Amino acid sequence: MEKGREAGPENATATAGEGKKRELVCIRCPIGCRITVEDIPDGTRRITGNTCNRGAEYAEKELTNPTRIVTSTVRLRGGKAAVVSVKTKGDIPKGKIMECMEAIKGVELEAPVRIGDVALADVAGTGVDIVVTKDVEASVSA
């Protein structure tokens, strides 16, 4: 199973008297706990397999409101590098990732840039900015 992805339907099971079970691999830390989430008929969830509270929080959030940090690069004019790395300043809804990447494709910055500079505000209407993650100096003209 790929890290951070919910198991496919073949790994979601239910039997009489039991709720649906799903398997996740936690991405909150390098351990990568294999977490099982079972929907209980009373509307609650049973989360097992996590070694810390972050795993339980990840599983609950992944099933109710999955989000991700997006990383990429944007073009850079007049810099010592042709591109600079960027990321979302916070989590964005998983369903907005492709729209976010489309918006990033159209960004071109002018050097110099500094860590934390906003490359694109409110990406895809999420309220989250795309920020620069590396300092890049302007190239010296002769």
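Here's what I pulled together on the structure shown here. (Residues numbered from 1 in each chain as written. Predicted model: local features only at pLDDT ≥ 70, side-chain atom pairs only at ≥ 80, totals over all residues. Heavy atoms only, no water.)

1. Looking at the overall build of the chain
Part 1: Each helix and strand in the chain was counted, giving two helices and ten strands.
Part 2: Order of helices (α) and strands (β) in the chain, N terminus to C terminus: β-β-β-α-β-β-β-β-α-β-β-β.
Part 3: Residue burial in the chain is summarised as follows: out of 142 residues, 31% are buried.
Part 4: Residue pairs in contact within the chain that sit at least 24 positions apart in sequence constitute 43% of those at least 6 positions apart.
Part 5: Accessible surface, the chain as shown: approximately 8,400 Å² in total, 51% of it carbon and sulfur. (Helix = DSSP H or I, 4+ residues; strand = E, 2+ residues; numbered from the N terminus. Buried < 20%, exposed > 50% of the residue type's maximum accessible area, 1.4 Å probe, protein only. Contact = heavy atoms within 4.5 Å. Areas by Shrake-Rupley, 256 points an atom, 1.4 Å probe, with all protein chains shown as cover.)

2. A few points about helix α1 (residues 53-64)
Residues that lie three or four places apart on an α-helix share one face, since the helix turns once every 3.6 residues.
Part 1: The first and last C-alpha atoms of α1 sit 17 Å apart over twelve residues, in line with the 16 Å expected at 1.5 Å per residue.
Part 2: When α1 is considered as a whole, its buried residues turn out to be G55, Y58, A59, E62 and L63. Projection of α1 onto a plane perpendicular to its axis shows the buried side chains occupying an angular sector of 120°, all on one side. α1 presents N53, E57 and T64 as exposed residues on the side facing more than 90 degrees away from its buried surface.
Part 3: On its buried face, α1 is in contact with β1 (21-25), β2 (34-39), β3 (45-48) and β4 (67-68). (Expected span 1.5 Å × (residues − 1). Arc of directions from axis to C-beta.)

3. Side note on the nonpolar core
Part 1: Membership of the largest hydrophobic core comes to 19 residues, with the highest contact counts inside it found for V84 and L109.
Part 2: Listed by contribution, the elements that provide at least two residues to this core are β5 (71-77), β6 (83-88), α2 (97-105) and β10 (130-132).
Part 3: With residues near it in sequence (within four places) discarded, L109 still touches V74, R75, L76, R77, V84, A119 and V132.
Part 4: Core analysis: the second largest hydrophobic core is formed by eight residues, L24, C33, A59 and L63 among them. (Core = buried A, V, L, I, M, F, W, Y, C linked by side-chain atoms within 4.5 Å.)

4. Some words on the pattern of salt bridges
Part 1: In this structure the tally under the stated criterion is twelve salt bridges.
Part 2: We note a salt bridge from R77 to E110, for which the minimum N-O separation is 2.9 Å. Of the two residues, R77 is situated in strand β5 and E110 in strand β8 (residues 108-110); the sequence distance between them amounts to 33 residues.
Part 3: Classification of R77 as partly exposed rests on a relative accessible area of 38%.
Part 4: For E110, a relative accessible area of 45% puts it in the partly exposed group.
Part 5: Through salt bridges with shared partners, a single network forms among R22, D39, R45 and E60. (Salt bridge = Lys/Arg side-chain N within 4 Å of Asp/Glu carboxyl O.)

5. Here we look at the side chain of T67
Part 1: For T67, the location among the structural elements is in strand β4.
Part 2: On the basis of relative accessibility, which here comes to 16%, the residue T67 falls in the buried class.
Part 3: Here the side chain of T67 touches K61 through a polar contact of 3.0 Å, side chain to side chain.
Part 4: Ignoring anything within four residues of it in the chain, the contact list for T67 reads K61, D91, I92, P93 and K94. (Polar contact = N/O pair within 3.5 Å; in protein donor to acceptor, adjacent residues only side chain to side chain.)

6. A short note on unusual backbone geometry
Part 1: The amide bond that connects A111 to the next residue, P112, takes the cis arrangement and shows omega of 5°.
Part 2: For P112, the location among the structural elements is in the loop between β8 and β9 (118-120).
Part 3: The backbone phi angle of D122 is positive, close to 45°, even though this residue is not glycine.
Part 4: Mapped onto the fold, D122 is located in the loop between β9 and β10.
Part 5: Note on D122: relative accessible area 40%, which makes it partly exposed.
Part 6: The backbone of A124 sits at a positive phi, close to 55°, despite the residue not being glycine.
Part 7: For A124, the position within the fold is in the loop between β9 and β10.
Part 8: Residue classification places A124 among the buried residues on the basis of a relative accessible area of 15%.

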